[in-house]
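Residue-level listing of the chains:
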Amino acid sequence: MTTGNAAAAATSKPRDERSSEERAIDEWLPITSARNAKWWYSAFHNVTAMVGAGVLGLPYAMSNLGWGPGVSVMVLSWIITLYTLWQMVEMHEMVPGKRFDRYHELGQHAFGDKLGLWIIVPQQLVVEIAVDIVYMVTGGKSLKKFHDLVCEDCKNIKLSYFIMIFASVHFVLSHLPNFNSISGVSLAAAVMSLSYSTIAWGASVDKGVQPGVDYSYRSSTTTGTVFNFFSALGDVAFAFAGHNVVLEIQATIPSTPETPSKGPMWRGVVVAYIVVALCYFPVAFIGFWMFGNQVEDNILISLQKPVWLIAMANLFVVVHVIGSYQIYAMPVFDMIETVLVKKMRFRPTWYLRFITRNIYVALTMFIAITFPFFGGLLGFFGGFAFAPTTYFLPCVMWLSIYKPKKYSLSWITNWVCIVLGVVLMIIAPIGGLRTIIIQAKDYKFYS
């Protein structure tokens with residue numbers, strides 16, 4: 001009887017085969033150092049990761065897509081990304097006794113050690129660094145807008161300085177060690193995202209349908225319309241970009257064979273996706289309905305009155321993108337620190353962390369100051385890197401690992417997502433690149 005119990009205990013509790021040095025390093029690295037998160041941490045981390053500044057550009061994306069395609073693309077994106085997110089949550093612990101704590105670890109399991117790294121890491125890094133750069137720009141622009149609204153007679157201050165002010169917060173916050181330590185920042189950010197989204201569509205309703213509103217395409221030429229359509233697809237892809245940090249968020253939830261982490265994680269994801277729907281659909285559809293093709297690439301710019309409310313919304317955006325920046329920066333810190341400590345054999349010390357994280361914040365700040373073309377950046381990065389990691393890479397990994405039967409529902413669903421995702425990846429950056437080129441013509445560096 002006792003031997004049976006011992007055997008059962010051995011099977012239920014996976015043996016830890018790491019050396020004491022490896023265990024110490026894993027306890028120091030940001031993703032694996034804390035595993036005591038609750039399901040609601042997953043909810044607000046996912047809201048913060050997903051509902052970014054992209055939501056304010058959705059009415060503009062609608063004006064380039066038109067009513068029919070716009071509504072279809074929004075609803076389809078919500079369904080497809082929820083499905084691929086469910087797949088990622090399921091795959092986190094599909095090997096008994098092992099957790100894929102990072103996106104690239106799952107990729108390595110699906111595609112092999114070398115190929116998995118080469119497929120996932122460059123795309124994940126492009127997404128996370130691109131988001132942080134765009135959030136630097138957004139934070140700076142929203143601070144500037146707040147300043148200009150509150151103090152109309154004040155001296156005009158360059159956008160560059162506002163981006164620096166925004167960055168100064170991250171020189172402090174970036175030294176929080178792991179996901180659980182930024183949960184307070186993340187909760188504030190999630191509340192803010194719901195608040196400014198509500199202000200955006202509420203103020204639009206209050207303003208009413210504008211006189212002479214026009215729902216035809218923005219561009220008068222066919223070429224312009226087609227390119228704008230492509231770019232708008234990228235904007236929508238950018239808005240659904242939370243998958244890049246989902247495994248890392250799940251890694252913070254405790255897990256046992258009896259109660260695996262996918263239960264609480266999925267509960268958090270469902271709550272997050274309800275919040276996403278409450279933020280995205282009203283802002284996109286009401287914003288476009290009220291302003292038509294005259295809507296700005298940030299809906300808050302179209303809403304000038306009431307001044308105090310729009311100023312407050314801009315401040316909410318600032319608080320939100322502070323949290324979002326940290327959510328996307330944490331996996332980057334984890335990658336940098338893993339390479340330095342495991343490959344280059346640096347000692348895991350506070351000053352190693354201090355130097356690397358400050359350099360990262362400084363670099364994202366510098367690039368944001370140099371290239372603040374907000375709309376074009378969204379379209380370009382949205383298609384180029386967000387479409388693969390969000391729309392179809394999870395499906396490719398699912399097919400590779402689970403090998404569902406040909407023409408079964410799972411097989412067909414995954415192939416549909418893959419085809420749509422690949423099309424999005426090819427055409428969205430073309431439109432985004434054209435937008436950047438057009439905007440860059442009139443741009444003066446560091447203005």
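In this text the structure is predicted, and so the values were computed from the model without any measurement.

Analysis parameters
Residues numbered from 1 in each chain as written. Predicted model: local features only at pLDDT ≥ 70, side-chain atom pairs only at ≥ 80, totals over all residues. Heavy atoms only, no water. Helix = DSSP H or I, 4+ residues; strand = E, 2+ residues; numbered from the N terminus. Rg over C-alpha atoms; globule rule 2.2 N^0.38 Å. Contact = heavy atoms within 4.5 Å. Buried < 20%, exposed > 50% of the residue type's maximum accessible area, 1.4 Å probe, protein only. Phe/Tyr/Trp six-rings, centres within 6.5 Å; stacked < 30°, edge-to-face > 60°.

Trainee: Break down the overall build of the chain for me, with residues and values.
Mentor: Within the chain one finds 17 helices and zero strands. A compact globule built from 447 residues should have a C-alpha radius of gyration of about 22 Å, and the chain, at 22 Å, falls within 12% of that. Projected onto the principal axes, the alpha-carbon positions of the chain cover approximately 80 × 55 × 35 Å. Contacts in the chain between residues at least 24 apart in sequence constitute 85% of all its contacts with a sequence separation of at least 6.

Trainee: Got a sec to walk through unusual backbone geometry? Specific residues and values, please.
Mentor: Look at lysine 403: it is not a glycine, yet its phi comes out positive at around 45°. As for its placement among the helices and strands, lysine 403 is situated in the loop between helix H16 (374-402) and helix H17 (409-441). Under the relative-accessibility criterion, lysine 403 is labelled exposed at 61%. Although it is not a glycine, tyrosine 407 adopts a positive phi angle of roughly 65°. With relative accessibility at 60%, the residue tyrosine 407 sits in the exposed group.

Trainee: An account of the side chain of threonine 370 is needed here, citing residue identities and associated values.
Mentor: Looking at the secondary structure, you find threonine 370 in helix H15 (residues 350-370). Given the relative accessible area of 6%, threonine 370 is considered buried.

Trainee: How would you explain the packing of aromatic side chains if you had to name every residue and give the values?
Mentor: Remark: the centre distance and the inter-plane angle together describe each pair of aromatic rings, the angle taken between the planes. Scanning the model with the defined rule gives 17 aromatic pairs in all. Plain terms: the ring middles of tryptophan 398 and tyrosine 402 are 4.4 Å apart, the flat faces sit at 45° to each other, and that makes the pair tilted. One end of the pair is tryptophan 398 and the other is tyrosine 402, both in helix H16 and four residues apart, which spans about a single turn. Residue tryptophan 398 is classed as buried on the basis of its relative accessible area, which comes to 10%. On the basis of relative accessibility, which here comes to 37%, the residue tyrosine 402 falls in the partly exposed class. Centre to centre, the rings of tryptophan 411 and tryptophan 415 are 6.2 Å apart; their planes meet at 55°, and the pair counts as tilted. A residue pair is termed a helical-turn pair when its members lie 3 or 4 positions apart in one helix, as tryptophan 411 and tryptophan 415 do in helix H17 at four residues. Put simply, the rings of Tyr83, Trp86, Trp398 and Tyr402 touch in pairs and so form one group of aromatic residues.

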